[in-house]
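Geometric and topological summary
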Amino acid sequence: MIASVLVGIRKRSWIALSLSLLASTAAQAAPAADCPGHPDALGTSRTLVVDPREHPMIGTMQYRETLPLADHEVVLTFDDGPLPKYSNQILAILAAQCVKATFFTIGRQANANPEGVRKLIAAGHTVATHSQNHPLTFQKMPPEKFKPEIDDGIASTLAALGGDSSKLAPFFRIPGLLRAEGVEQYLASKGIQVWSADFPADDWRHIPPARVYDLAIKRLEAKGKGILLLHDIQPRTVAALPRILNELKARGYRIVHVVPATPERPATPTEPQQWLLHPPSENVAISRWPKIPNFVFVGTMTLPAPVLSDLDWRDAELIEHARHTHGIPLPQQAPWPRPQLTRLSVAPALPVPAASVFKIPEATRVTMLAASTPVNRVEKVTAAQPAAAGLAVSAKSRGATARQATRIRHAAHQSQHPGHAGPVASKHAEQAKKKPRSVRVASLKKR
Ligand SMILES: [Zn+2]
């Protein structure tokens, strides 16, 4: 009876599991089915609603937290547009895959191409901002400089959207990712979420599209999920994107569309640890590990800015590359930083240990010598005589008698330090002369 009940329960739970699996498969398949004319589209698997005030800074390239994505979930972001020639092609590629992304626009670009901003909204993407002029000095600008950069960028993009603030996401990406605490605090005070990224694909560099593809896939695979940083103003991005999206689908990745929370649209419920790229696993018995004080991290809300090597910026040419403007007024400065490259020559170095670290206190040495057994007291091999000890060992290993070994050791010592035997050594030598008896090298005892 009990057995049959158990079987019944098992059967029911198996059916429930199967149904939920079917449901999730259907949910994953749904986007492709919802992509008219593109049955093999990658699609957008879900929409994630985030509250900027709860998580003001995201992206593990710079911050502790990132979007609460499941394994194999990817968020696509495009910066620096709109620039019709390339932004329109990016839009077409995303539309063909029914993929939704987040665009960080530059105010001046929005002023020049307001229709480009409206196209982003019309296609269902999230529109956020990226400053008015894209200055690459956010890390050192005073508030009177960075505040108008942020505010004007928002105003320009908003103007392109007819002033409808419901169409503009309170997300901001700092140009060149040149973060500064003052900037982050100002944005947080306005309820704006700072978006770094989890990995770039270096599409602003002078590299072939195949390299952009390689970096995007390689870095995504390394982290398993995250925010990909791209640019919709680069021809190489246009060339690489279709292959990137195809590969994401082939490898089982899913696209997540991120939108801001509103009073009518509450944030997707999440647990705090979901905002970490690699939350502690349930399989690791953390409580069994010793607790260590976390004083190193106290008061440090952010991680240090990534070093250039993290981004694979091994040459300076990217810093100096000139963009084709195609008749569109662009920021006077390049869109990416011109840090003072020191060729990564500042290798971490540890201080040279003081000589005293290696000294054995005199009292200790006496104790060590006294600990020698009477049999081997002649063989007081000290740390100061390693070469002699080595000779003694090799003599023994060749089958020489222990006495020969001792003589060799003494000869070696005298030749190395002619007329300069230390007090212990000379006393030792005298003893050896007076009492020539069979000795044994302690260190050669068989184990
Ligand atoms: Zn940018």
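First, a word on what this report is: a plain description of the structure on this page.

Cut-offs applied
Residues numbered from 1 in each chain as written. Predicted model: local features only at pLDDT ≥ 70, side-chain atom pairs only at ≥ 80, totals over all residues. Heavy atoms only, no water. Helix = DSSP H or I, 4+ residues; strand = E, 2+ residues; numbered from the N terminus. Contact = heavy atoms within 4.5 Å. Axes fitted to C-alpha atoms, helices over the stretch in contact; angles between N-to-C directions. Parallel < 35°, antiparallel > 145°, perpendicular 65-115°, else oblique. Nonpolar A, V, L, I, M, F, W, Y, C, P; charged D, E, K, R; others polar. Core = buried A, V, L, I, M, F, W, Y, C linked by side-chain atoms within 4.5 Å. Buried < 20%, exposed > 50% of the residue type's maximum accessible area, 1.4 Å probe, protein only. Donors = N, O, S within 2.8 Å, 3.2 Å for Na, K, Ca; no water. Phe/Tyr/Trp six-rings, centres within 6.5 Å; stacked < 30°, edge-to-face > 60°.

We now examine the overall build of the protein. Across its full length, the protein holds 13 helices and 10 strands. The long-range fraction of contacts in the protein, counting pairs at least 24 apart against all pairs at least 6 apart in sequence, stands at 79%.

On to the packing of helix α2 (residues 84-97) against helix α8 (residues 235-250), then. Taken N-terminus to C-terminus, the directions of α2 and α8 make an angle of 5 degrees; their axes are 9 Å apart at the nearest point. Between α2 and α8, the interaxial angle falls into the category roughly parallel. Across the interface between the two elements, Tyr86, Gln89, Ile90, Ile93, Leu94 and Gln97 of α2 pack against Pro235, Thr237, Val238, Leu241, Pro242, Leu245 and Asn246 of α8. Here the contact of α2 with α8 is built from residues that sort into nine nonpolar, four polar and no charged.

Here we come to the nonpolar core. Ranked by internal contacts, the top residues of the largest apolar core, which has 58 residues, are Leu76, Phe78, Leu94, Phe138, Ile150 and Leu248. Looking at this core, the elements with two or more residues in it are β3 (73-79), α2, α4 (114-122), α5 (143-160), α6 (181-189), α7 (209-223), β9 (226-231) and α8. When neighbours within four sequence positions are excluded, Leu76 is seen to be in contact with Leu94, Val99, Ala101, Thr102, Leu228, Leu245 and Ile255. Core analysis: the second largest hydrophobic core is formed by 19 residues, Leu69, Phe104, Leu177 and Val256 among them.

Let's shift gears to the environment of Lys218. Its location among the elements puts Lys218 in helix α7. Lys218 gets classed as exposed once you look at its relative accessible area, which sits at 51%. Sequence separation between Lys218 and Ala201 is 17 residues; the distance between their C-alpha atoms is 9.2 Å.

Ideal geometry at a metal gives 109.5 degrees between four tetrahedral donors and either 90 or 180 degrees between six octahedral ones. Here the zinc ion is held by the protein donor atoms Asp80 (OD), His130 (NE2) and His134 (NE2), which lie 2.1 Å from it. Counting residues between consecutive donors of the zinc ion along the chain gives the motif D-x49-H-x3-H. For the pair His130 and His134, one class covers both residues: buried.

Here the focus is the packing of aromatic side chains. Throughout the structure, instances matching the rule amount to five aromatic pairs. Between Phe104 and Trp195, the aromatic rings sit 5.5 Å apart at their centres with planes inclined by 55 degrees, giving tilted as the arrangement. Of this pair, Phe104 sits in strand β4 (residues 102-105) while Trp195 sits in strand β7 (residues 193-195), placing them 91 residues apart in sequence. Site record: aromatic cluster; members linked through ring pairs are Phe104, Phe171 and Trp195.

Here the focus is unusual backbone geometry. Cis geometry is found at the peptide bond from Gly81 to Pro82, where omega equals 0 degrees. Structurally, Pro82 can be placed in the loop between β3 and α2. The phi dihedral of His72 falls on the positive side, at around 70 degrees, and the residue is not glycine. Within the secondary structure, His72 sits in the loop between β2 (57-58) and β3.

One can find Thr102 in strand β4. Taking the relative accessible area as the measure of exposure, Thr102 reaches 1% and is therefore buried. Sequence-distant contacts of Thr102, defined by excluding residues within four places in its chain, comprise Leu76, Thr77, Phe78, Thr126, Ala128, Phe171, Trp195 and Val258.

By themselves these figures say nothing about function.
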